[in-house]
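Take a look at the letters that make up each chain.
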Amino acid sequence: MHTFRRSAALLALTVGSVASLPALAADELHYNQISLRAEVSQEVARDQMIVTLYTEEQNTDPAKLAAAISTTMNKATAQAKQVKDITLRTGSRNSYPIYDTKGQKITGWRERAELRLESTDFAALSKLTGELLTDLKMGGMDFAIADPTRKASEDQLLKEAVTAFKARAQLATDALGGKGYKIVNLNLNSNGYPQPYLRAPMMMKAAAMDSAPVTPEVEAGTSQVSMTADGSIEVLMQ
């Protein structure tokens, strides 16, 4: 009986030791591993101008109102199409009823339609905007980073982020007294590009109130964009 008990205990100890080997191996895989983060950034010019114009009218006859709005928008669209390198996008168009003072009876209708213009040619778009303000009103003027510029800056930042990560990895390796390192994993992420930069509301309001053609002031500026490299390395010891 005692012999059987000792054999069973030995078997249990042996099985337990074998079962712990994978866990030990997993721990060893992370031996001498450290996590690192590097970030690089640069100033990128906002080289795309975005202008939103609109027309708004009211009429007791919704059909006549819609026709008037369409006429104004069609004229503006046709005029804008004559200018090279300007992208036209139709904005929102909404109509809603106007009620009497008691809020019970509909006395008329109001409708608003928007036209969005985009271009990297600031001079051409500014001139067109001033001309269109004869019939339309200024809704907003934004500046953003154009897609080709965005891609170019992102590609450059990616290379710089990798270089910065490798430099930090070597620095950590030297500090630990290692003979080298290998990258275990590496993630590259853009921290996002800024939303279009909105011009000062007072300038836009002044342009919208002026019935004569106006060439809006243009100040695009720059935006700081960044790229991060997050990952881990395994330091190879002496």
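Thresholds, definitions, all that
Residues numbered from 1 in each chain as written. Predicted model: local features only at pLDDT ≥ 70, side-chain atom pairs only at ≥ 80, totals over all residues. Heavy atoms only, no water. Helix = DSSP H or I, 4+ residues; strand = E, 2+ residues; numbered from the N terminus. Buried < 20%, exposed > 50% of the residue type's maximum accessible area, 1.4 Å probe, protein only. Contact = heavy atoms within 4.5 Å. Areas by Shrake-Rupley, 256 points an atom, 1.4 Å probe, with all protein chains shown as cover. 1 Å grid on protein atoms, 1.4 Å probe; cavity = no way out; pocket = protein on both sides within 12 Å on 5 of 7 lines; lining within 4 Å. Points joined across faces, edges and corners; volume = space filled by probe spheres on them. Polar contact = N/O pair within 3.5 Å; in protein donor to acceptor, adjacent residues only side chain to side chain. Core = buried A, V, L, I, M, F, W, Y, C linked by side-chain atoms within 4.5 Å. Nonpolar A, V, L, I, M, F, W, Y, C, P; charged D, E, K, R; others polar.

In the annotation of an unreviewed UniProt entry, the chain is listed under the name SIMPL domain-containing protein and assigned to Pseudomonas hamedanensis.

Caption draft 1: Local environment of the overall build of the chain. A tally of helices and strands in the chain yields 5 helices and 8 strands. Traced from its N-terminal end to its C-terminal end, the chain shows the element sequence α-β-β-α-β-β-α-β-α-β-β-α-β. Per-residue burial for the chain yields a buried fraction of 30% across its 238 residues. Long-range pairs, those at least 24 residues apart, make up 84% of the contacts in the chain between residues at least 6 apart in sequence. Just so you have it, the chain exposes about 14,600 Å², and 55% of that area is on carbon and sulfur atoms.

Caption draft 2: Spatial organisation of empty space enclosed by the protein. A complete count under the given rule lists 1 cavity of 30 Å³ or more for this structure. As a volume, the largest cavity reaches approximately 30 Å³. Taken together, Thr72, Lys75, Ala76, Gln79, Leu132, Asp135 and Leu136 make up the full set of residues lining the largest cavity. With 4 residues, the top contributor of residues to the lining of the largest cavity is helix α2 (residues 62-81).

Caption draft 3: Representation of the environment of Asn185 within the structure. Within the fold, Asn185 resides in strand β6 (residues 178-190). Considering only alpha carbons, one finds Asn185 and Ser232, 47 residues apart in sequence, at a separation of 5.6 Å. The residues touching Asn185, leaving out its near neighbours within four places in the chain, are Asp230, Gly231 and Ser232. Side-chain polar atoms of Asn185 contact the side chain of Ser232, separated by 2.8 Å.

Caption draft 4: Region of interest: the nonpolar core. Formed by 22 residues in total, the largest nonpolar core has its most connected members in Met49, Val51, Leu53, Leu117, Leu125, Leu128 and Leu132. Of all the elements in the fold, those that place two or more residues in this core are β2 (48-59), α2, β4 (106-119), α3 (122-132) and β5 (137-144). By residue number, the principal contributor to this core is α2, which donates 5 residues. Every residue in contact with Leu128, bar those within four places of it in the chain, is listed here: Gln79, Ala80, Val83, Ile86 and Leu117. Listed in part, the 15 residues of the second largest apolar core include Ile145, Ala161, Ala169 and Ile233.

Caption draft 5: Region of the structure containing the layout of surface pockets. What the largest pocket holds in volume is close to 180 Å³. In this structure, the largest pocket is lined by Gln48, Ile50, Asp85, Thr87, Arg89, Arg116, Glu118, Ser119, Thr120, Ala146, Asp147 and Pro148. Those elements that provide at least two residues to the lining of the largest pocket are β2, β3 (87-99), β4 and α4 (147-176). With 3 residues, β4 is the largest single contributor of residues to the lining of the largest pocket. Of the residues belonging to the lining of the largest pocket, the class tally is 3 nonpolar, 4 polar and 5 charged.

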